[in-house]
Amino acid sequence: MTQPTEPPVFDGHNDVLLRLWKGGAAGAADRFAASDTGHIDLRRARAGGFAGGFFAMFAPPEGAFRMPSFQPPYDEPLPEELPQDRALAAIAGQAGVLLALDRAGALALCRTVAEIEAAMAAGRVAAVMHLEGAEAIDPDLATLDLFHAAGLRSLGPVWSRPTAFGHGVPFRHPSDGDTGPGLTEAGKRLVARCHDLRIVVDTSHLNVAGFEDVAAAGLPLVATHSNAHAVSPGARNLTDAQLRAIGETGGMVGLNFGTMFVNEDGRAASDRGLGPFLRHLDRMIEMAGEDHVGLGSDFDGAPMSSDLADVAALPALRRAMAGHGYPDMLIAKICNGNWLDFLRRYWGG
Ligand SMILES: [Zn+2]
């Protein structure tokens with residue numbers, strides 16, 4: 001069987017920078033070129049037709065916190081709030097890895113859609129710098145300008161644990177996302193400043209109140225890596241009303257491949273095939289509209305299905321969409337067109 005690597009995938013979320021940074025900045029370009037571990041490297045990106053996407057920077061939890069087992073029902077406490085100085089050290093390190101990869105020609109750090117399209121045409125992985133959880137930003141937002149100058153073009157105010165800017169959803173299944181207060185006053189200032197700078201505001205990991213605060217600020221609603229609550233009723237997934245709001249505001253939602261967000265029962269089991277992925281896409285398209293749905297893999301950040309184990313396996317998802325009856329034009333929009341059109345609208349040009 002042929003291995004379809006077209007249309008290329010430009011995706012809403014991955015955590016490869018965290019993995020590379022944890023392994024030590026020295027040698028990161030070599031490990032990005034080819035690696036026996038993780039979900040993304042250049043060799044497998046080429047094999048699967050992975051053209052790039054949002055590259056997250058993330059300050060991992062400290063201390064005794066362990067990721068939950070994802071054996072439902074579960075309701076895990078969130079990790080402690082992280083002080084800005086410690087978050088800043090992690091995020092500066094990961095920004096440094098991204099800039100070094102760009103300088104080495106291993107990928108292209110992109111600030112405009114024209115740069116993304118040029119990288120894709122040249123066969124270079126296109127990376128948009130994204131900050132997952134804004135702990136590294138001071139409440140006066142001085143560091144926001146610093147990271148914007150370094151290339152930051154997308155940001156989530158929280159990664160689940162509380163920050164100076166807002167509250168996120170816990171690891172809870174089953175649960176809706178209406179789990180507490182939303183953005184703080186500092187969070188509302190952050191969102192407004194992001195809008196001025198045309199930094200995408202990502203609502204994945206925000207709770208319902210925070211999602212509504214972003215809508216009230218007049219921004220397009222974007223969830224880079226979240227799924228349909230109607231299919232898998234966990235706190236990280238979006239209700240039909242939220243998906244409709246994403247479409248109505250001209251925003252985007254990216255399908256998260258993490259098994260605990262895909263599988264209907266919230267289990268992190270890897271053996272359920274690609275049927276659940278298609279059921280999420282169907283629901284997301286029905287509610288948000290076919291111009292507002294893309295991919296948001298969470299590669300290198302979440303457990304994957306054995307049928308979609310890494311970027312090299314992306315042809316299996318294209319084949320599944322085609323087998324499910326999606327026309328070529330829709331598959332192209334999901335794989336990259338909708339993300340690029342959204343960024344063109346939001347960034348301009
Ligand atoms: Zn995430």
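The next thing to look at is the overall build of the protein. Looking only at helices and strands, the protein features 13 helices and 11 strands. For the protein, whose C-alpha radius of gyration is 18 Å, the value lies close to the compact-globule estimate of 20 Å for 349 residues. In terms of overall dimensions, the protein has C-alpha extents of about 55 × 45 × 40 Å along its principal axes. Each of the 349 residues in the protein was classed as buried or not, and the buried ones make up 59%. The contacts of the protein with a sequence gap of at least 6 include a subset with a gap of at least 24, amounting to 74%. When the accessible area of the protein is evaluated, it comes to approximately 12600 Å², of which 53% is carbon and sulfur surface.

With that settled, the discussion passes to the coordination of the zinc ion. Bound to the zinc ion are the protein donor atoms Glu 132 (OE), His 205 (NE2) and His 225 (NE2), situated 2.0 to 2.2 Å from the metal. Spacing between the donor residues of the zinc ion along the chain follows E-x72-H-x19-H. With His 205 in the loop between β8 (200-201) and α8 (208-216) and His 225 in the loop between β9 (222-223) and α9 (240-248), this residue pair connects regions lying 20 residues apart in the sequence. The same class applies to His 205 as to His 225, namely buried.

Turning our attention to the layout of surface pockets. Empty space among the atoms becomes apparent when a probe as large as a water molecule is rolled across them. Here the largest pocket is characterised by a volume of approximately 490 Å³. Along its surface, the largest pocket is lined by 26 residues, and Leu 18, Phe 58, Met 67, Trp 159 and Gly 301 are the ones closest to its centre. Among the elements of the structure, α1 (16-22) and α10 (259-262) are those that each provide at least two residues to the lining of the largest pocket. Counting residues per element, the lining of the largest pocket draws most heavily on α1, which supplies 3 residues. Taken as a whole, the second largest pocket holds about 260 Å³ of empty space. Along the walls of the second largest pocket sit 15 residues, with Arg 46, Phe 50, Ala 51, Gly 123 and Arg 124 positioned nearest its centre. Residue assignment for the lining of the second largest pocket shows that the elements contributing at least two residues are α3 (42-48), β2 (50-57) and α5 (113-121).

So, about the pattern of salt bridges. Proximity of charged atoms lets side chains of opposite charge pair with each other. According to the stated counting rule, one finds 19 salt bridges in the structure shown. The shortest N-O distance in the salt bridge between Asp 75 and Arg 172 comes to 3.0 Å. Of the two residues, Asp 75 sits in strand β3 (residues 74-76) while Arg 172 sits in strand β7 (residues 171-173), which places them 97 residues apart along the sequence. A relative accessible area of 48% places Asp 75 in the partly exposed class. For Arg 172, a relative accessible area of 27% puts it in the partly exposed group. Among the salt bridges present, the one from Arg 344 reaches Glu 117, with a minimum N-O distance of 2.6 Å.

Before going further, it helps to spend a moment on empty space enclosed by the protein. Within the structure shown, the criterion is met by 2 cavities of 30 Å³ or more. Contributing to the lining of the largest cavity are 15 residues, with Leu 206, Ala 235, Asn 237, Leu 238 and Gln 242 lying nearest its centre. Lining the second largest cavity, in full, are Tyr 74, Pro 170, Phe 171, Arg 172, His 173, Ser 232, Gly 234, Ala 235, Arg 236, Asn 237, Met 260 and Phe 261. Going through the elements one at a time, β7 and α10 are the ones with two or more residues in the lining of the second largest cavity. Ranked by the residues each element gives to the lining of the second largest cavity, the list is headed by β7, at 3 residues. Class assignment of the residues belonging to the lining of the second largest cavity gives a composition of 6 nonpolar, 4 polar and 2 charged.

Taken as a whole, this structure holds 10 aromatic pairs when the rule is applied. Centre to centre, the rings of Phe 58 and Trp 159 are 4.7 Å apart; their planes meet at 65°, and the pair counts as edge-to-face. Of this pair, Phe 58 sits in the loop between β2 and β3 while Trp 159 sits in the loop between β6 (152-156) and β7, and the two are 101 residues apart along the sequence. On the accessibility criterion, Phe 58 (8% relative accessible area) is buried. A relative accessible area of 6% means that Trp 159 is categorised as buried. For the pair Trp 159 and Phe 171, a centre-to-centre distance of 5.8 Å together with 55° between the ring planes defines the contact as tilted.

Cut-offs and rules
- Residues numbered from 1 in each chain as written.
- Predicted model: local features only at pLDDT ≥ 70, side-chain atom pairs only at ≥ 80, totals over all residues.
- Heavy atoms only, no water.
- Helix = DSSP H or I, 4+ residues; strand = E, 2+ residues; numbered from the N terminus.
- Rg over C-alpha atoms; globule rule 2.2 N^0.38 Å.
- Buried < 20%, exposed > 50% of the residue type's maximum accessible area, 1.4 Å probe, protein only.
- Contact = heavy atoms within 4.5 Å.
- Areas by Shrake-Rupley, 256 points an atom, 1.4 Å probe, with all protein chains shown as cover.
- Donors = N, O, S within 2.8 Å, 3.2 Å for Na, K, Ca; no water.
- 1 Å grid on protein atoms, 1.4 Å probe; cavity = no way out; pocket = protein on both sides within 12 Å on 5 of 7 lines; lining within 4 Å.
- Points joined across faces, edges and corners; volume = space filled by probe spheres on them.
- Salt bridge = Lys/Arg side-chain N within 4 Å of Asp/Glu carboxyl O.
- Nonpolar A, V, L, I, M, F, W, Y, C, P; charged D, E, K, R; others polar.
- Phe/Tyr/Trp six-rings, centres within 6.5 Å; stacked < 30°, edge-to-face > 60°.

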